Number of protein chains: 2
Amino acid sequence: MSFRIGFDVGGTNIKTGIADDDFNLVSKKTTAFSKEIGYVNTIKAMHQTVMELIAENDLNGKDISAVGIAVPGSVDVRNGVVIHAYNLDFHNVHMTEEMSRYFPGIPVTLINDANAATFAEFKTGALKGYDNAMLLTLGTGIGGGLILNGRLFNGGLGNGVEPGHVVLDRTGPLCTCGIRGCIEEFCTVRWLLQKGKPAGYTEVKDIIDAARKNEPGAVSIFNEYVENLSSAIASLTNLLDPEIIALGGGISLAGEVLYLALEEKVEQKSFFKYPYKIVPAQLGNDAGMVGAAAYAFTRGF
Amino acid sequence: MSFRIGFDVGGTNIKTGIADDDFNLVSKKTTAFSKEIGYVNTIKAMHQTVMELIAENDLNGKDISAVGIAVPGSVDVRNGVVIHAYNLDFHNVHMTEEMSRYFPGIPVTLINDANAATFAEFKTGALKGYDNAMLLTLGTGIGGGLILNGRLFNGGLGNGVEPGHVVLDRTGPLCTCGIRGCIEEFCTVRWLLQKGKPAGYTEVKDIIDAARKNEPGAVSIFNEYVENLSSAIASLTNLLDPEIIALGGGISLAGEVLYLALEEKVEQKSFFKYPYKIVPAQLGNDAGMVGAAAYAFTRGF
């Protein structure tokens, strides 16, 4: 038996997981991340967590066949360098080289976290079996990734893909990225809460629940959100015509009411008038870890 | 020596070309297209044109190694079927099968005309040497195609790609496709002429020339057009991060003034703040023919 290590490094914590041959997590642990200690000490601590997980699970360190790291930022995949990960304060950091000191002879790879989540859903989640597929994560921001012709597409220049920063309204509000009217301005948790607040809703779940119960204020917010998100998805499907779209992040847990409404609207707004499958992502918060491990394994062999 | 036949079937005429090993056109001819005679007679006439070109150029029919057909519509590439080509009134027409009667034993392929133009630019024009590239044709409508990971991307489901129908303004005017605010509503010849008319301009060329001469009315239209097109391009580059974008169609002949302005604006509006190369397409009206021939050859062998 062999196994793979997957790390998902975030702005406040690091998730470390051990995955088996089928990319199921055998064990996982969340530890704190602190910008202050720098990347060398961060990697040292990450290795330490792996050693603990191995001991706790009676595994043999010699059976590690690949190590993958997911980070929230731009990545030079080929050289294993984090170009910019603002939340981590990592800039031009050669993470794979440093990590390889602890795992000599084992392939160590680096991947953007949204791409890792996409790859995880492709290998073992909602996108499994589809060679052309899209993941959109609907959270504080909008992230996502693309599977094209059966492979993770990392952007033509390797910068990754940013579906959240496709323009949906050229005269819309200025996005944090400096562009006007990005998809991110209309489809996030932030958008929902902003609309919900005057109507007395303070949680996304409350809005969805109230919409399910036909409370007019909530229904109106929900419908406007579906208009926005379906326009965003139709815009992307008109360009790429994927077989399936999976939604991740908090909003994606809204249940069938969201997916049925989206599928109907996207078909209407689609150039090809195609009934695209829109489904919830399956791996939740584990997606980054699982994807990092799976990507490391796939690239390493 | 061998050569390839490329057809570009349009709503009013059919272009037929003979291309050599390097996809240079040895000879070409334009004939009329008429909806009324139906596809069987159309294909018969297309074969006749090839026979004439062969005779005129003292070629040997036995040296034909591939036949490619480009059509303006949705195409089942694998089976060589035109699904819908509204301008031709071809619906569920097995064009390659019918054409193969005249070219037994030779691969005959079918391709969407925008994809053909993209493939031509990739094989022998402005996109040559780039594995991730985009063509946008700016004409009456907006068409285009994608080269991803060194291959023509025909859409995940094979419906093709429709960059002109990515949404640029969700509350904008209704597009002919039924979607609101498509890129096509803001970047066509039609848009330019609509804006130009009240200012006394009746041709795109007049607007561009006047803008070059700093006539205020024309400068204002030109600047607004550059805003629109740069938003459209940045939106697409934020998703796909291509190495290069080529522009085709009448507007693409506007010269350096257009490309410099676009490159500057796209970099500003790009999520990656990357100075994407934006260049004119090189094959003009021959692109469909050349691409059809090149695609047939590439797929046939």
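Residues numbered from 1 in each chain as written. Chains lettered and ligands numbered in written order. Predicted model: local features only at pLDDT ≥ 70, side-chain atom pairs only at ≥ 80, totals over all residues. Heavy atoms only, no water.

1. As for the overall build of chain A
Thinking step 1. Counting secondary structure elements, chain A contains eight helices and 13 strands.
Thinking step 2. Its C-alpha radius of gyration of 20 Å places chain A within 12% of the 19 Å reference for a compact globule of 301 residues.
Thinking step 3. Its C-alpha atoms give chain A principal-axis dimensions of roughly 60 × 40 × 35 Å.
Thinking step 4. Split into buried and exposed, the 301 residues of chain A put 55% on the buried side.
Thinking step 5. For chain A, the share of sequence-separated contacts (at least 6 apart) that also reach a separation of at least 24 residues comes to 60%.
Thinking step 6. For chain A, the exposed area adds up to about 12,200 Å²; of that, 49% sits on carbon and sulfur atoms.
Thinking step 7. Side-chain charges in chain A split into 25 positive and 33 negative, and the spacing between the mean points of these groups amounts to 3 Å. (Helix = DSSP H or I, 4+ residues; strand = E, 2+ residues; numbered from the N terminus. Rg over C-alpha atoms; globule rule 2.2 N^0.38 Å. Buried < 20%, exposed > 50% of the residue type's maximum accessible area, 1.4 Å probe, protein only. Contact = heavy atoms within 4.5 Å. Areas by Shrake-Rupley, 256 points an atom, 1.4 Å probe, with all protein chains shown as cover. Lys, Arg positive; Asp, Glu negative; His and termini not counted. Charge placed at Lys NZ, Arg CZ, Asp CG, Glu CD.)

2. Considerations on the nonpolar core
Thinking step 1. Ranked by size, the top nonpolar core spans 98 residues in total, and within it Leu247 of chain A together with Leu247 of chain B carry the most contacts.
Thinking step 2. Here Leu247 of chain A is in contact with Leu135, Leu136, Leu138, Leu229, Ile233, Ser252, Tyr259, Leu262, Ile278, Val279, Pro280 and Ala281 of chain A, once residues within four sequence places are set aside. (Core = buried A, V, L, I, M, F, W, Y, C linked by side-chain atoms within 4.5 Å.)

3. Regarding the side chain of Asn238 of chain B
Thinking step 1. Inspection of the secondary structure puts Asn238 of chain B in helix 6 (residues 216-240).
Thinking step 2. Setting aside chain neighbours within four positions, we find Asn238 of chain B in contact with Val161, Glu162, His165 and Ile179 of chain A together with Lys269, Ser270, Phe271 and Phe272 of chain B.

4. A word on unusual backbone geometry
Residues and elements named next belong to chain B.
Thinking step 1. Positive phi, normally seen in glycine, also occurs at Phe23, with a value near 65°.
Thinking step 2. Relative to the assigned elements, Phe23 resides in the loop between strand 2 (13-19) and strand 3 (25-32).
Thinking step 3. Using a relative accessible area of 11% as the deciding quantity, one classes Phe23 as buried.
Thinking step 4. Although it is not a glycine, Asn92 adopts a positive phi angle of roughly 50°.
Thinking step 5. Along the polypeptide, Asn92 turns up in strand 7 (residues 90-93).

5. A look at helix 7 (residues 256-269) of chain A
In an α-helix, one turn spans 3.6 residues; hence positions three or four apart end up facing the same way.
Residues and elements named next belong to chain A.
Thinking step 1. Under the 1.5 Å per step criterion, the end-to-end length of helix 7 is 20 Å for 14 residues, consistent within 8% with the ideal 20 Å.
Thinking step 2. Taken together, the buried positions of helix 7 are Leu258, Tyr259, Leu262, Val266 and Lys269. Summarising the axial view, the buried residues of helix 7 lie within an arc of 105°, below the 170-degree limit, and thus occupy one face. In helix 7, those exposed residues whose orientation departs by more than 90 degrees from the buried face are Glu256 and Glu264. (Expected span 1.5 Å × (residues − 1). Arc of directions from axis to C-beta.)

6. With respect to the interface of chain B and chain A
Thinking step 1. Opposite the 42 residues of chain B that make contact, chain A presents 42 residues.
Thinking step 2. Where chain B abuts chain A, roughly 3,700 Å² becomes buried across the two surfaces, and 60% of that area is made up of carbon and sulfur atoms.
Thinking step 3. The largest contributions to the chain B side of the interface with chain A come from Leu157, Arg170 and Leu239 of chain B, which together make up 20% of the buried area.
Thinking step 4. Our count for the chain B to chain A interface comes out at two salt bridges.
Thinking step 5. For Asp169 of chain B, the salt bridge is made with Arg170 of chain A, and the minimal N-O distance between the two is 3.4 Å. (Buried area = accessible area lost by both parts, 1.4 Å probe. Salt bridge = Lys/Arg side-chain N within 4 Å of Asp/Glu carboxyl O.)

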